[in-house]
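# Architecture and fold: a report
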Amino acid sequence: MKKVLVVCGNGLGSSFMMEIMVKNVLAEMGISAEIAHTDLTTGKSEKADIYIGAADIVANLEDGKRTVIGLRNILDKSELKTKLQKYF
Amino acid sequence: MSVLTVEKARVGAFANDWREAIRIVGNLLVEAGDVKQTYVDAMINAVEKFGPYIVLSPGLALAHARPQDGALKVGLSAALLKNPIDFGHPDNDPVKLVLAFSAIDQISHLHVLQIISQVFSDPTSAERIYNSKTSKELVTQLGFL
């Protein structure tokens, strides 16, 4: 099972909102995954298969090895679905 | 008592820039006794530190800081701006509505965020919110009345 980590600045606002969206979208796609949310600092040291967050935040996680999905409109379900489909 | 009341919602608020806009919603939380003044400064500092990622979707900014920055209870305030303002977000500017929330732990504010993400993930309901004419209408459209 893949682990998806949703990341935001403080780890208690938008990351939670995105986590709900990710859960809903993956459920619609019929995929089960481990989903969690955290702040940027913790996200840098936590291992996951896919990192998701607002584009300007997750840009900090790009290291050439991680799989990172940056969202422009974090409340747009169709953007999220299109981007997730590439990895599942 | 609801986390967002009519007293904590403003329609037609005027701000010169994003810092002022955050101060307006922040002060609504201070007046309601939800946060200390330090929390308002921390919300501004968070944008300076992490960038305008609090602009979640077109027209919407959700300002917040951490519980330890001076939050006293779970609270939410809203300011619908007279003049939309740029926060420097590449896709979702200009901001029409600024919300501020205070969290006291990792969990107790989550129902508030759930309501917000639900109403703003539907562009039609977002548009209805942005067109609110009174504080009462704004609170109602946001789903708190």
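Scroll up for the structure.
Per chain, residue numbering runs from 1 following the sequence as it is written. Following the order in which they are written, the chains are lettered starting with A and the ligands numbered starting with 1. It should be noted that, the model being predicted, local features are given only for residues of pLDDT at least 70 and side-chain atom pairs only at 80 or more, the latter also being counted only at that level, while totals for whole chains, interfaces and linings use all residues. In computing side-chain values, all of the structure's heavy atoms are included and hydrogens and water are not.

## Examining the overall build of chain A
In plain terms, the rule: Numbering goes from the N terminus for both helices and strands, where a helix is a DSSP run of H or I of at least four residues and a strand is a run of E of at least two. We compute the radius of gyration over the C-alpha atoms and compare it with the globule rule, which gives 2.2 Å times the number of residues raised to the power 0.38. Note on exposure labels: buried denotes an accessible area under 20% of the residue type's maximum, exposed denotes more than 50%, and partly exposed covers the range between, all computed with a 1.4 Å probe on protein chains only. Two residues qualify as a contact provided that any one of their heavy atoms is within 4.5 Å of a heavy atom in the partner residue. All tallies of charge rest on Lys and Arg as positive and Asp and Glu as negative; His and the ends of each chain are not included. Where a charge lies is defined by one atom per residue type: Lys uses NZ, Arg uses CZ, Asp uses CG and Glu uses CD.
A tally of helices and strands in chain A yields 4 helices and 4 strands. Mapped from its N terminus to its C terminus, chain A presents α and β elements in the order β-α-β-α-β-α-β-α. Here the C-alpha atoms of chain A give a radius of gyration of 11 Å, agreeing with the 12 Å that 2.2 N^0.38 yields for 88 residues. Oriented by its inertia axes, the alpha-carbon framework of chain A measures out at about 30 × 25 × 20 Å. Counting the 88 residues in chain A, one finds 51% classified as buried. Look at the contacts in chain A between residues 6 or more apart in sequence, and 58% of them connect residues 24 or more apart. Taking the 12 positively charged and 11 negatively charged side chains of chain A as two groups, their mean positions are separated by 4 Å.

## Examining the pattern of salt bridges
Operational definition: The rule for a salt bridge is simple: a side-chain nitrogen of Lys or Arg has to be within 4 Å of a carboxyl oxygen of Asp or Glu.
Evaluation of the coordinates by the stated rule reveals 12 salt bridges over all chains. Close ionic contact of Glu79 of chain A with Lys83 of chain A constitutes a salt bridge, the shortest N to O distance being 2.8 Å. One end of the pair, Glu79 of chain A, and the other, Lys83 of chain A, are both in helix 4 (residues 77-85), 4 residues apart, so they sit about a helical turn from each other. For Glu79 of chain A, a relative accessible area of 11% corresponds to the buried category. With its nearest N and O atoms 3.1 Å apart, the salt bridge here joins Arg66 of chain B to Asp69 of chain B. Among the ionic contacts, a cluster of salt bridges with common partners joins Glu28, Lys77 and Lys81 of chain A.

## A short note on the interface of chain B and chain A
Threshold: Throughout, buried area stands for the accessible area (probe radius 1.4 Å) lost by two parts on being put together, summed over both. Pairs of N or O atoms within 3.5 Å make up the polar contacts considered here, provided that, within protein, one atom can donate a hydrogen while the other can accept it, and that residues adjacent in sequence are counted only when both atoms are side-chain atoms.
Listed per partner, the contact involves 28 residues of chain B and 18 residues of chain A. Both faces combined, the contact of chain B with chain A buries some 1,900 Å², and carbon together with sulfur accounts for 66% of it. When residues of chain B are sorted by the area they lose upon contact with chain A, Phe50, Tyr53 and Leu56 of chain B head the list and together hold 32% of the total. Linking chain B with chain A are 1 salt bridge, by the criterion used here. For Arg72 of chain A, the salt bridge goes to Asp91 of chain B, with nearest N and O atoms at 2.8 Å. The interface formed by chain B and chain A includes 6 residue pairs in polar contact (both at pLDDT 80 or more). Elements represented by at least two residues in the side of chain B that touches chain A include exactly helix 2 (37-50), strand 2 (55-57), strand 3 (60-64) and helix 3 (110-120) of chain B.

## Considerations on the sheet that holds strand 4 (residues 68-71) of chain A
Residue and element names in this part refer to chain A. This is how the line gets drawn: Two strands qualify as a pair provided that DSSP identifies no fewer than 2 bridges between them. To obtain an axis, a line is fitted to C-alpha atoms, over the contacting stretch when the element is a helix, and the angle between two such axes runs from 0 to 180 degrees between their N-to-C directions.
The strand order 2-1-3-4 describes an open sheet built from 4 strands, whose pairing is parallel. Edge positions in the sheet fall to strand 2 (34-39) and strand 4, since each of these pairs with one other strand and no more. In this sheet, neighbouring strand axes are inclined to one another by 20 degrees on average, regardless of whether the strands run parallel or antiparallel. Note: strand 1 (residues 3-8) against strand 2, 6 bridges, orientation parallel. Looking at strand 2, one finds that Cys8 is bridged to Asp39. Against the sheet, helix 4 makes contact with strand 3 (50-54) and strand 4, and its axis sits at roughly 165 degrees relative to strand 4, the strand it touches most.

## Looking at the nonpolar core
To keep it simple, the criterion reads: Among the buried residues, those of types Ala, Val, Leu, Ile, Met, Phe, Trp, Tyr and Cys that are joined through side-chain atoms within 4.5 Å form a nonpolar core.
Among the nonpolar cores identified, the biggest contains 86 residues, and Phe87, Leu97, Leu99, Phe120 and Leu142 of chain B are the most heavily contacted of them. If near-sequence neighbours (up to four positions away) are discounted, Leu99 of chain B is found in contact with Val25, Leu60, Ala61, Leu62, Ala63, Leu76, Ser77, Ala78, Ile116, Phe120 and Leu142 of chain B.

## Some thoughts on the environment of Pro67 of chain B
By the element assignment, Pro67 of chain B lies in the loop between strand 3 and strand 4 (75-85). Overall, Pro67 of chain B belongs to the buried group, its relative accessible area being 19%. Through-space distance from the C-alpha of Pro67 of chain B to that of Ser102 of chain B is 7.0 Å; in sequence the pair is 35 residues apart. If we skip the residues at most four places from it in the chain, Pro67 of chain B touches Leu12 of chain A together with Ala103, Ile104 and Asp105 of chain B.

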